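Below are the chains, spelled out letter by letter.
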Amino acid sequence: MGEQPAQAAPRRKALEVMKGERFEVPPIWMMRQAGRYLPEYRATRQQAGSFLDLCYNPDLAVEVTLQPIRRFGFDASILFSDILVIPHALGRDLRFEEGRGPLMTPMEASDIPRLDPSRLHEHLAPVYETVRRLREELPPETTLIGFSGAPWTLATYMIAGHGTPDQAPARIFSYLEPQLFRQLLTLLADACADYLIRQIEMGADAVQIFDSWAGILDGESFQAFAVEPVERITARVHAAYPNVPVIGFPKGAGTRLETYRAETGVDVLGLDWTVPLAQAKRLQARGAVQGNLDPLRLLAGGRALDEGVDAILRELGDGPLVFNLGHGITPPTPIAHVERMIERVRAKA
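Residues numbered from 1 in each chain as written. Predicted model: local features only at pLDDT ≥ 70, side-chain atom pairs only at ≥ 80, totals over all residues. Heavy atoms only, no water.

(A) Structural view of the overall build of the protein chain. Of regular secondary structure, the protein chain possesses 16 helices and nine strands. With the C-alpha coordinates of the protein chain rotated into their principal frame, the extents come out at 70 × 45 × 45 Å. Counting every position in the protein chain, which comprises 349 residues, the buried fraction comes to 56%. Surface summary for the protein chain: the accessible area is close to 14700 Å², and the carbon and sulfur share equals 50%. The protein chain carries 37 positive and 44 negative side-chain charges, and their two centres are separated by 4 Å. (Helix = DSSP H or I, 4+ residues; strand = E, 2+ residues; numbered from the N terminus. Buried < 20%, exposed > 50% of the residue type's maximum accessible area, 1.4 Å probe, protein only. Areas by Shrake-Rupley, 256 points an atom, 1.4 Å probe, with all protein chains shown as cover. Lys, Arg positive; Asp, Glu negative; His and termini not counted. Charge placed at Lys NZ, Arg CZ, Asp CG, Glu CD.)

Structure follows, in structure tokens:
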């Protein structure tokens, strides 16, 4: 008897879309898809003790990352961690308090030269182990996404010690100490690049850079703080892994998205829910886009959800699209609404 032909490896649709392919039914995942809206996540979170313990425990981090894949069969899975593990690895203190979010000791100018990247990989070894095990345990057709925060967003938390409505402490710091602030962003960019490259080495198919506070910057600062550091990261990632897509998510960037892809070198644009679909379609003509359903449409459900999903599919369904929310899912969102969204996106299947 002759040899049986080798079975083709399952296609990772989300990864292929990030590289420019188009599918009639777009791949789908959700930002914060492993989170508090899931009862199984809440149970594991309670078992972990603290949020940071959950992030640094590979057994539990793998478990919560897999939970939405088991329940919903998303096309992509994103590593469960937090953007602030980078400043934590550089020597800054970090804790999470219920109802207040992340808290750090506010950083002063004299603290910047003392940041120590020498223990970055040692500190983040549990995260790398989580990525390695995820690639082994995820279905072969599921795209695995690693991530980091963007330098500007990380700096805002490091300087203020917590999130603020307009991140004024970091903006003021950047005006008063421009040289030191650039030094900080460069150090963070290199740490983020090292972090993402190691995640890819461990099995990540693509990586996303979250710049949650990009939209509050003026024009000059956006170029210096949101574009140039991300370009530095992307260049290093592409130099090491030219075929691994980088997703840029500069929340609130608005019209500055028109040049963001070309200036930073990212392969995929993550779009928040405020981006008009006409603009999104223009951006999609230059490469893959991801997004951008309003998370509150998902929370509301019903007609608001259906209309939001249908509009995105109508405007962006003919191009390379990873269907996603325009920001993270909110904890009160009913699971039935997530199921309804997925069913509607996949209705053509």
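(B) Structural detail: the pairing of strand 9 (residues 321-325). In terms of residue burial, strand 9 counts as a mostly covered element, since five of its five residues are buried. Residue alternation in strand 9 divides its side chains into two sets, L321, F323 and L325 and V322 and N324, and both sets are buried.

(C) The arrangement of the nonpolar core in detail. By size, the foremost hydrophobic cluster in this structure holds 120 residues, and its most contacted members are L124, L184, V338 and M341. Counting residues per element, this core draws most heavily on helix 10 (residues 178-202), at 13 residues. (Core = buried A, V, L, I, M, F, W, Y, C linked by side-chain atoms within 4.5 Å.)

(D) Quick look at unusual backbone geometry. In this chain, G291 is followed by N292 through a cis amide linkage whose omega measures -15 degrees. Inspection of the secondary structure puts N292 in strand 8 (residues 289-293). A positive phi is found at Q167, a non-glycine position, where the angle reads about 50 degrees. For Q167, the position within the fold is in the loop between helix 8 (151-160) and helix 9 (168-176).

(E) Expanded view of the pattern of salt bridges. Counted by the stated rule, this structure contains 26 salt bridges. Residue D205 pairs with R12 through a salt bridge whose shortest N-O separation is 2.9 Å. On the criterion of sequence distance, the pair formed by D205 in the loop between helix 10 and strand 5 (206-211) and R12 in the segment before helix 1 (13-18) is long-range, its members being 193 residues apart. Looking at D205, the relative accessible area reads 11%, which means it is buried. (Salt bridge = Lys/Arg side-chain N within 4 Å of Asp/Glu carboxyl O.)

(F) Quick peek at helix 2 (residues 39-48). Every buried residue of helix 2 is accounted for by Y41, T44 and A48. Along the axis of helix 2, the buried positions cluster into a sector of 70 degrees, meaning they face one direction only. Along helix 2, exposed side chains directed more than 90 degrees from the buried face belong to Q46 and Q47. Those residues of helix 2 that are buried are in contact with helix 3 (51-55) and helix 4 (58-72). (Arc of directions from axis to C-beta. Contact = heavy atoms within 4.5 Å.)

(G) Seen up close, the UniProt feature "binding site: substrate" (unreviewed entry) in the protein chain. UniProt's feature table lists "binding site: substrate" (unreviewed entry) at R32, Q33, A34, G35, R36, D82, Y157, S212 and H327, given in the numbering used throughout. Spatially, the listed residues are scattered: they cover 296 residues, and their C-alpha atoms lie as much as 23.0 Å apart. Its location among the elements puts A34 in the loop between helix 1 and helix 2. Classification of A34 by relative accessible area gives buried; the value is 12%. Apart from residues lying up to four places away in sequence, A34 is in contact with Y41, V64, T65, P68 and F80. Turning to its location among the elements, R36 is positioned in the loop between helix 1 and helix 2. With near-sequence residues (within four places) excluded, R36 lies in contact with Y41, R42, E98 and P331. (UniProt positions renumbered as here; feature names shortened; annotations may be inferred.)

(H) Structural context of the packing of aromatic side chains. Summed over the entire model, instances satisfying the criterion amount to 13 aromatic pairs. Between Y37 and F72, the aromatic rings sit 6.4 Å apart at their centres with planes inclined by 10 degrees, giving stacked as the arrangement. Here Y37 is found in the loop between helix 1 and helix 2, whereas its partner F72 is found in helix 4, with 35 residues between them in sequence. The class for F72 is buried, based on a relative accessible area of 8%. With a centroid separation of 6.3 Å and 55 degrees between ring planes, the pair formed by F222 and Y260 is classed as tilted. Of the two residues, F222 sits in helix 11 (residues 219-240) while Y260 sits in helix 12 (residues 257-264), which places them 38 residues apart along the sequence. (Phe/Tyr/Trp six-rings, centres within 6.5 Å; stacked < 30°, edge-to-face > 60°.)

(I) How the structure looks around the sheet that holds strand 8. If you trace the seven strands from one edge of the open sheet to the other, you get 1-4-5-6-7-8-9, paired in parallel fashion. At either end of the open sheet lies a strand with only one pairing partner, and these are strand 1 (76-78) and strand 9. Taken pair by pair, the neighbouring strands of this sheet meet at an average axis angle of 25 degrees, ignoring direction. Strand direction decides the pairing type here: strand 4 (residues 143-149) and strand 5, joined by five bridges, are parallel. Note on strand 5: the bridge partner recorded for S148 is I209. (Pairing = 2+ DSSP bridges. Axes fitted to C-alpha atoms, helices over the stretch in contact; angles between N-to-C directions.)

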